[in-house]
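Geometric and topological summary
Below are the chains, spelled out letter by letter.
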Amino acid sequence: MTAIARPTQGRMIGGVCAALARRFGTSATTMRVIFLLSCLLPGPQFLLYIALWILFPSEDKVGTEAW
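A short tour of the structure in this document, coming up.

Calculation criteria
Residues numbered from 1 in each chain as written. Predicted model: local features only at pLDDT ≥ 70, side-chain atom pairs only at ≥ 80, totals over all residues. Heavy atoms only, no water. Helix = DSSP H or I, 4+ residues; strand = E, 2+ residues; numbered from the N terminus. Buried < 20%, exposed > 50% of the residue type's maximum accessible area, 1.4 Å probe, protein only. Contact = heavy atoms within 4.5 Å. Areas by Shrake-Rupley, 256 points an atom, 1.4 Å probe, with all protein chains shown as cover. Axes fitted to C-alpha atoms, helices over the stretch in contact; angles between N-to-C directions. Parallel < 35°, antiparallel > 145°, perpendicular 65-115°, else oblique. Nonpolar A, V, L, I, M, F, W, Y, C, P; charged D, E, K, R; others polar. Left-handed = near helix turned anticlockwise from the far one by under 90°. Salt bridge = Lys/Arg side-chain N within 4 Å of Asp/Glu carboxyl O. Polar contact = N/O pair within 3.5 Å; in protein donor to acceptor, adjacent residues only side chain to side chain.

1. Some words on the overall build of the protein
When you go through the protein residue by residue, the secondary structure sums to 3 helices and 0 strands. Ordered by position from N to C terminus, the α and β elements of the protein give α-α-α. Considering the protein as a whole, with its 67 residues, one finds that 27% of them fall into the buried category. Looking at the protein alone, contacts between residues at least 24 apart form 48% of all its contacts between residues at least 6 apart. Entry remark: accessible area of the protein is about 5000 Å², with carbon and sulfur atoms responsible for 69%.

Here it is as structure tokens:
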């Protein structure tokens, strides 16, 4: 299994939705729509997005840093 990394191409904001879409085999647009729809529900969606932005390394740094 490969590590989840935020892509350098195709990002909208931080690349979290694009990274999750690549991991689960869906399109980035589908993942973004799912995220936007989840924001209608109560919960810490924005905090989770920020946490994943921090935790997922950028694609260009995956080969250089050991995690």
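So much for the structure itself; the text now carries on.
2. A closer look at the packing of helix 1 (residues 16–24) against helix 3 (residues 45–55)
Between helix 1 and helix 3, whose axes approach to 9 Å, the crossing angle comes to 75°. Taken together, the axes of helix 1 and helix 3 lie roughly perpendicular to each other. Where helix 1 abuts helix 3, its residues Val16, Cys17 and Leu20 lie against Tyr49, Leu52 and Trp53. For the contact of helix 1 with helix 3, a count of residues per class yields 6 nonpolar, no polar and no charged.

3. Some remarks on the packing of helix 1 against helix 2 (residues 28–38)
At a minimum axis separation of 8 Å, helix 1 and helix 2 run at an interaxial angle of 120°. Here the hand of the crossing between helix 1 and helix 2 comes out right-handed. In this structure, helix 1 uses Cys17, Ala18, Leu20, Ala21 and Phe24 to contact helix 2, whose residues at the interface are Ala28, Met31, Arg32 and Phe35. Class assignment of the residues belonging to the contact of helix 1 with helix 2 gives a composition of 8 nonpolar, no polar and 1 charged.

4. Details of the pattern of salt bridges
As enumerated under the stated definition, the model contains 1 salt bridge in all. Between Glu59 and Arg22 there is a salt bridge, with the nearest N and O atoms lying 2.6 Å from each other. Taken together, the residues Glu59 in the segment after helix 3 and Arg22 in helix 1 connect sequence positions 37 residues apart.

5. Some remarks on the side chain of Gln45
Residue position: Gln45 is located in helix 3. Here the side chain of Gln45 touches Leu41 through a polar contact of 3.3 Å, landing on its backbone oxygen.

Geometric descriptors of this kind do not, in isolation, establish any biological role.
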